[in-house]
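Each chain is listed here by its residues.
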Amino acid sequence: MRPVSYSRATDVDTAIGTVSADPESTFLAGGTTQVDLLRIYVEQPRRLVDINDLPLNRIEELPDGGLRLGGLARMSDVAEEPELVRRYPMVAEALLLGASPQLRNMATLAGNLMQRVRCTYFRDTEAACNKRAPGTGCSALDGINRGHAVLGTSEHCIATHPSDLAVALVALDAVVQTEGPGDARSIPIDDFFLLPGQTPEREHPLAHGELVTGIDLPPTPVAARSRYIKIRDRESYEFALASVAVAMSVDGGRISEVRLALGGVATKPWRARAAEQVLDGAPATTDSFRRAAEAELAPAVPHGMNAFKIELARRTIIRALEQMTQREGTT
Ligand SMILES: Cc1cc2nc3c(=O)[nH]c(=O)nc-3n(C[C@H](O)[C@H](O)[C@H](O)COP(=O)(O)OP(=O)(O)OC[C@H]3O[C@@H](n4cnc5c(N)ncnc54)[C@H](O)[C@@H]3O)c2cc1C
Ligand code: SF4
């Protein structure tokens, strides 16, 4: 048993000051990831700073017409917010397709973005894992890797990024707001998630003690015509094998605007820019969708058991785009 001290911060400065002053301390939000990792000794902080009393759970209009989601807003509350459902349906759908109702009632948006990977070897302290113990190797490369990534991998780590919410946010070019211990920062969501490269232990550009205070959704009219599709081994309470966040408008049979991102297949929430390039201005047909999916997946690298994900992702992209064209309101 290792003792852990616990304190409850009531203001942002105290929370940041307490964590940044002690390298062995960490924030505790809903605890749905953090407590699991403590129990299995994957993370062993000496101090937990509970941030649930901080006033960061609101959803506010931004002057530019976007929405700011508080970092401590609960997944279930955000998914039910009428303005979010109306203007950014794919965000609401991604939230509702994640975890279970009980977990969503506790889990916060910032905690969701900061959650750790679900790789079995990461969670087994006896296994070699470069992410948990840098330099020890990657057991998944030649191990059980059915759920692992085919895009954005390196020879040091192939773990899939687990968040559904983050996939929708990447498609929308959301911006993560942070505070302390240095200046407040606005971090474009695509820069918030790092590829594993040679340093898989580093997942975010945050300093120790830097607090995620909010997530800004820019005004994006096309996002009102969007959806999130998630393919998984069972219909609820399961992480994605492949997922697609898509927003699209069609004008005169041609795609006038499209945003596409993938989950479940990459080491970070994956903006599908190669596919977007193929789709931009193309006829809204299955042939265009097929070419877009193939362009995006051309650099995919299989690792034994997860080879099926390339075909699965291809089909999921095509299905998502077909469903968008069939829905009223895409033209
Ligand atoms: C069984 C199960 C199934 C799940 N299924 C899914 C799924 O299908 N899809 C999905 O997307 N997720 C899924 N999840 C993950 C779940 O969504 C996350 O556990 C949850 O969102 C984490 O939020 P939390 O508030 O509980 O974070 P915590 O557990 O409290 O914290 C998680 C991490 O974030 C850090 N942190 C928290 N808040 C902040 C902040 N404001 N600033 C900086 N750092 C912070 C903590 O220090 C910690 O490192 C599942 C989880 C479980 C247990
Ligand atoms: S895939 Fe990443 S998290 Fe999993 S064992 Fe390899 S290094 Fe660790």
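Looking at an unreviewed UniProt entry, the protein carries the name Xanthine dehydrogenase YagS FAD-binding subunit, with the source organism given as Micromonospora luteifusca.

A. The sheet that holds strand 2 (residues 25–28), seen in detail. The strand order 1-3-2 describes an open sheet built from three strands, whose pairing is parallel. Of all strands in the sheet, those with a lone pairing partner are strand 1 (5–8) and strand 2, marking the two edges. For this sheet, the mean angle separating the axes of adjacent strands, direction not counted, is 25 degrees. By the bridge criterion, four bridges tie strand 2 to strand 3 (residues 47–50) in an arrangement that is parallel. Opposite Phe-27, over in strand 3, you have Val-49 as the bridge partner.

B. Local environment of the site of ligand 1. By nearness alone, 32 residues border ligand 1, and Phe-27, Thr-32, Thr-33, Thr-108 and Asp-164 come closest of all. In the model, an oxygen atom of ligand 1 is placed 2.8 Å from a nitrogen or oxygen of the Gly-30 main chain. In the environment of ligand 1, an oxygen atom lies 3.3 Å from a nitrogen or oxygen atom belonging to the backbone of Glu-238. Of all the secondary-structure elements, those providing two or more residues to the shell around ligand 1 are strand 2, helix 2 (34–39), helix 7 (109–114) and strand 8 (211–217). For the shell around ligand 1, the leading source of residues is helix 7, giving four residues. Summarising the domain contributions, the shell around ligand 1 has at least three residues from each of domain 1 (5–50) and domain 2 (227–326).

C. How the structure looks around the pattern of salt bridges. Applying the stated criterion across every chain, the model contains 25 salt bridges. Residues Glu-43 and Arg-116 are paired through a salt bridge, measuring 2.7 Å at the closest nitrogen-oxygen approach. With a gap of 73 residues between them, Glu-43 in the loop between helix 2 and strand 3 and Arg-116 in the loop between helix 7 and helix 8 (165–171) connect regions that are remote in the sequence. As far as the burial class goes, Glu-43 and Arg-116 line up, both buried. Put simply, Asp-164 and Lys-230 hold a salt bridge, and the shortest N to O gap is 2.8 Å. Here the residue Asp-164 occupies a position in the loop between helix 7 and helix 8, and Lys-230 occupies one in strand 9 (residues 226–231), the gap between them amounting to 66 residues.

Criteria and thresholds
- The residue count restarts for each chain, going from 1 along the sequence in the order it is written.
- For this description, chains carry letters from A and ligands carry numbers from 1, given in the order in which they are written.
- The predicted origin of the model limits local features to residues at a pLDDT of at least 70 and limits the giving and counting of side-chain atom pairs to 80 or more, whereas totals for whole chains, interfaces and linings rest on all residues.
- Excluded from the side-chain calculations are hydrogens and water; all other atoms, namely the structure's heavy atoms, are used.
- Paired strands, in this sense, are two strands between which DSSP finds at least two bridges.
- Helix and strand assignments come from DSSP, with helices taken as H or I runs of at least 4 residues and strands as E runs of at least 2, each series counted from the N terminus.
- Angular values range over 0 to 180 degrees, each being the angle between N-to-C directions of two axes fitted as lines to C-alpha atoms, with helices fitted over their stretch in contact.
- Throughout this document, a residue counts as near a molecule or strand when at least one of its heavy atoms sits within 4 Å of that molecule or strand.
- In protein, a polar contact means a hydrogen-donor-capable atom and an acceptor-capable atom, both N or O and within 3.5 Å, with residues adjacent in sequence counting only if both atoms are side-chain atoms; elsewhere, any N or O pair within 3.5 Å suffices.
- An automatic or database domain assignment is the source of the domain bounds shown.
- By convention in these notes, a salt bridge is any Lys or Arg side-chain nitrogen within 4 Å of a carboxyl oxygen on Asp or Glu.
- Residue exposure (1.4 Å probe, protein chains only): buried if accessible area is under 20% of the type maximum, exposed if over 50%, otherwise partly exposed.

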